[in-house]
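# Observations on chain architecture
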Amino acid sequence: MGLAGSFVASLLDSPLHRVLSGSTDLVRYTGRRSGRQFTTPTQYAWRDADLLILVGRPETKTWWRNFREDRDLDVLVQGRWLPMTARAVIGADEPAAIGPLLEAYLRRFPKAVRALDGDTPEDRARQAVMIRCRPR
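To keep things clear, this report deals only with the structure shown in the data block. Nothing here was measured: the structure is a model prediction, and the numbers come from that model.

## Observations concerning the nonpolar core
- Core analysis: the largest hydrophobic core is formed by 20 residues, its most contacted members being Leu51, Trp63, Trp64, Phe67, Leu73, Ile131 and Cys133.
- Of all the elements in the fold, those that place two or more residues in this core are β1 (24-30), β4 (50-54), β5 (71-77), β6 (80-90) and β7 (129-135).
- With five residues, β6 is the largest single contributor of residues to this core.
- Those residues in contact with Leu73 that sit more than four places away from it in its chain are Val27, Arg28, Tyr29, Phe67, Leu82, Pro83, Met84, Thr85, Ala86, Cys133 and Arg136.
- Core analysis: the second largest hydrophobic core is formed by 15 residues, Leu52, Ala104, Ala125 and Met130 among them.

## Section: the pattern of salt bridges
- Per the stated rule, a full pass over the model turns up ten salt bridges.
- Across the pair Asp50 and Arg134 runs a salt bridge, and its minimum N-O distance is 3.4 Å. Taken as a pair, Asp50 in strand β4 and Arg134 in strand β7 lie far apart in primary sequence, 84 residues in all.
- Taking relative accessible area as the criterion, Arg134 reaches 40% and is therefore assigned partly exposed.
- Taking the shortest distance from any N to any O, the salt bridge between Arg136 and Asp72 comes out at 3.7 Å. Here the residue Arg136 occupies a position in the segment after β7, and Asp72 occupies one in strand β5, the gap between them amounting to 64 residues.
- Asp72 sits in the partly exposed class, given a relative accessible area of 45%.
- It is possible to trace a salt-bridge network through shared partners that takes in Arg28, Asp72, Asp74 and Arg136.

Reading the values: the criteria
- Numbers given for residues are sequential positions, taken from 1 along each chain in its written order.
- The predicted origin of the model limits local features to residues at a pLDDT of at least 70 and limits the giving and counting of side-chain atom pairs to 80 or more, whereas totals for whole chains, interfaces and linings rest on all residues.
- To obtain the side-chain values, all non-hydrogen atoms of the structure were included, while hydrogens and water were left out.
- Among buried residues, the Ala, Val, Leu, Ile, Met, Phe, Trp, Tyr and Cys ones that are joined through side-chain atoms within 4.5 Å form a nonpolar core.
- Type-normalised accessible area, obtained with a 1.4 Å probe on protein chains alone, sets the label of each residue: buried when under 20%, exposed when over 50%, and partly exposed for intermediate values.
- A helix here means a DSSP run of H or I that spans at least four residues, while a strand means a run of E at least two residues long, and both kinds are numbered starting from the N terminus.
- Whether two residues are in contact is decided by their heavy atoms: any pair within 4.5 Å suffices.
- In the sections that follow, a salt bridge refers to a side-chain nitrogen of Lys or Arg positioned within 4 Å of a carboxyl oxygen of Asp or Glu.

The quantities given are spatial measurements derived from coordinates; they are silent on function.
So, in structure tokens, the structure goes:
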């Protein structure tokens, strides 16, 4: 995590978390190959009991690949660590599953559409990767 991420993480894990807690969380997980613990800030939206994370420009990121299968993680949301299980939903592989998740996320963060390639909602859904977190 870089300097900016460390600052965000410190803020989210402090009594001042309310400044960012409405839209930003911390995801803490164990790497599937390294066994090391990682923490990264992400932007989230809720869809019922599911916490959704859009992976912007997934081709440039690797952290989300830890969740190709169901894996446990903890998510710091509004000052509380929530035990969850997460899995990456990859639009190219699961177009029917990602559509409603992406729609819910974009309702909360309409400008996030800029992080998606494609001219139509279907094109953007095919390119999207979302992390779907469910309570454990």
